[in-house]
Amino acid sequence: MSEVKLAASVRTEFGKGAARAIRRDAKVPAVVYGHGSDPIHVTLPAHDLGLALRTPNVLLSLDIDGTQELAIPKAVQRDAIKGFLIHVDLLLVKRGEKVTVEIPVQAEGELAAGGNLLEHVLGTLSVEAEATHLPEAVTVSVEGLEAGASILAKDITLPKGATLVTDADAVVIQVLAAQAEEPAAETEAAEGAEA
């Protein structure tokens, strides 16, 4: 996992008006907290931060007025309609420190023939890993699975250094049989008999 370097500026103005002014300047208001220190209110470049946040659990190397800090995104608020960043909460981390994060579960492969449906019961897994080596995602093979099959959290091979936090017996993916529709002629005949 690579680090994304961002320059952060400490902010002293708060409230809706100040936040709107920050966003007009193509920046995003953020708060950096953790390790028992006081929260630091900063602004980050909106474009660079938006690109960095495309990677799940990205490690950010922040230059906060000359001080280097490592952080991971904890909460990201976006505009409901346009999708631009409104505010970001960042958690301070240290090299070698273990943190718990959510990683996306991706399925690959073809199900057994017969029109079966794949259901993602859990879209993410909670795992504990070193802050500087956070997995981006975990891939699960569903090749040849038939209706009724399921994959539990404990069945998924995690990346090296990651340990499962999610309940081991939780169903992550299951295969459902496709529901067959009633033929149209039978439905019309049944409706005609009732009338």
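These remarks concern the structure in this document.

Cut-off values and rules
Residues numbered from 1 in each chain as written. Predicted model: local features only at pLDDT ≥ 70, side-chain atom pairs only at ≥ 80, totals over all residues. Heavy atoms only, no water. Pairing = 2+ DSSP bridges. Helix = DSSP H or I, 4+ residues; strand = E, 2+ residues; numbered from the N terminus. Axes fitted to C-alpha atoms, helices over the stretch in contact; angles between N-to-C directions. Core = buried A, V, L, I, M, F, W, Y, C linked by side-chain atoms within 4.5 Å. Buried < 20%, exposed > 50% of the residue type's maximum accessible area, 1.4 Å probe, protein only. Contact = heavy atoms within 4.5 Å. Arc of directions from axis to C-beta. Salt bridge = Lys/Arg side-chain N within 4 Å of Asp/Glu carboxyl O.

## Examining the sheet that holds strand E13 (residues 171-176)
Pairing within the open sheet is antiparallel, and its 3 strands lie in the order E8-E13-E11. Each edge of the open sheet is held by one strand with a lone partner, namely strand E8 (117-120) and strand E11 (150-152). On average, each strand axis in the sheet is tilted by 10 degrees relative to the strand beside it, whichever way the strands run.

## Thoughts on the nonpolar core
Ranked by internal contacts, the top residues of the largest apolar core, which has 23 residues, are Ile72 and Leu125. Elements that contribute at least two residues to this core include exactly strand E5 (67-78), strand E6 (85-93), strand E7 (98-108), strand E9 (124-130), strand E10 (138-141) and E13. Broken down by element, this core gets its largest block of residues, 4 residues, from E7. Once residues within four sequence positions are removed from consideration, leucine 125 is found in contact with Val101, Glu102, Ile103, Val105, Val138, Ala153, Ile156, Leu158, Leu164, Thr166 and Val172.

## A closer look at helix H1 (residues 16-24)
The set of residues buried in H1 consists of Ala18, Ala19 and Ile22. For H1, the angular spread of buried residues about the axis comes to 100 degrees, placing them on one side. Of the residues in H1, the exposed ones pointing more than 90 degrees away from the buried face are Lys16 and Arg24. Where the residues of H1 are buried, they touch strand E2 (27-34) and strand E3 (37-45).

## Remarks on the pairing of E5
Pairing of strand E4 (residues 59-64) with E5, which is carried by 5 bridges, proceeds in the antiparallel orientation. Bridge assignment links isoleucine 64 to a residue of E5, and that residue is threonine 67. Remark: 2 residues form the turn of the hairpin made by E4 and E5, two consecutive strands paired antiparallel; aspartate 65 in that turn has positive phi of roughly 50 degrees. In sequence, E5 turns back onto E6 through a hairpin of 6 residues, with glycine 83 there showing a positive phi of about 80 degrees.

## Description of the sheet that holds E9
Strand pairing in a sheet relies on backbone hydrogen bonds, with the paired strands running either antiparallel or parallel. The 4 strands lie next to each other as E10-E7-E9-E12, forming an open sheet whose pairing is mixed. The sheet is open, and its two borders are formed by E10 and strand E12 (163-164), each paired with just one other strand.

## Comments concerning the pattern of salt bridges
For the coordinates displayed, the defined rule picks out 1 salt bridge. Where aspartate 169 meets lysine 154, a salt bridge forms, and the shortest distance between an N and an O atom there is 2.9 Å. Of this pair, aspartate 169 sits in the loop between E12 and E13 while lysine 154 sits in the loop between E11 and E12, and the two are 15 residues apart along the sequence. For aspartate 169, a relative accessible area of 46% gives the class partly exposed.

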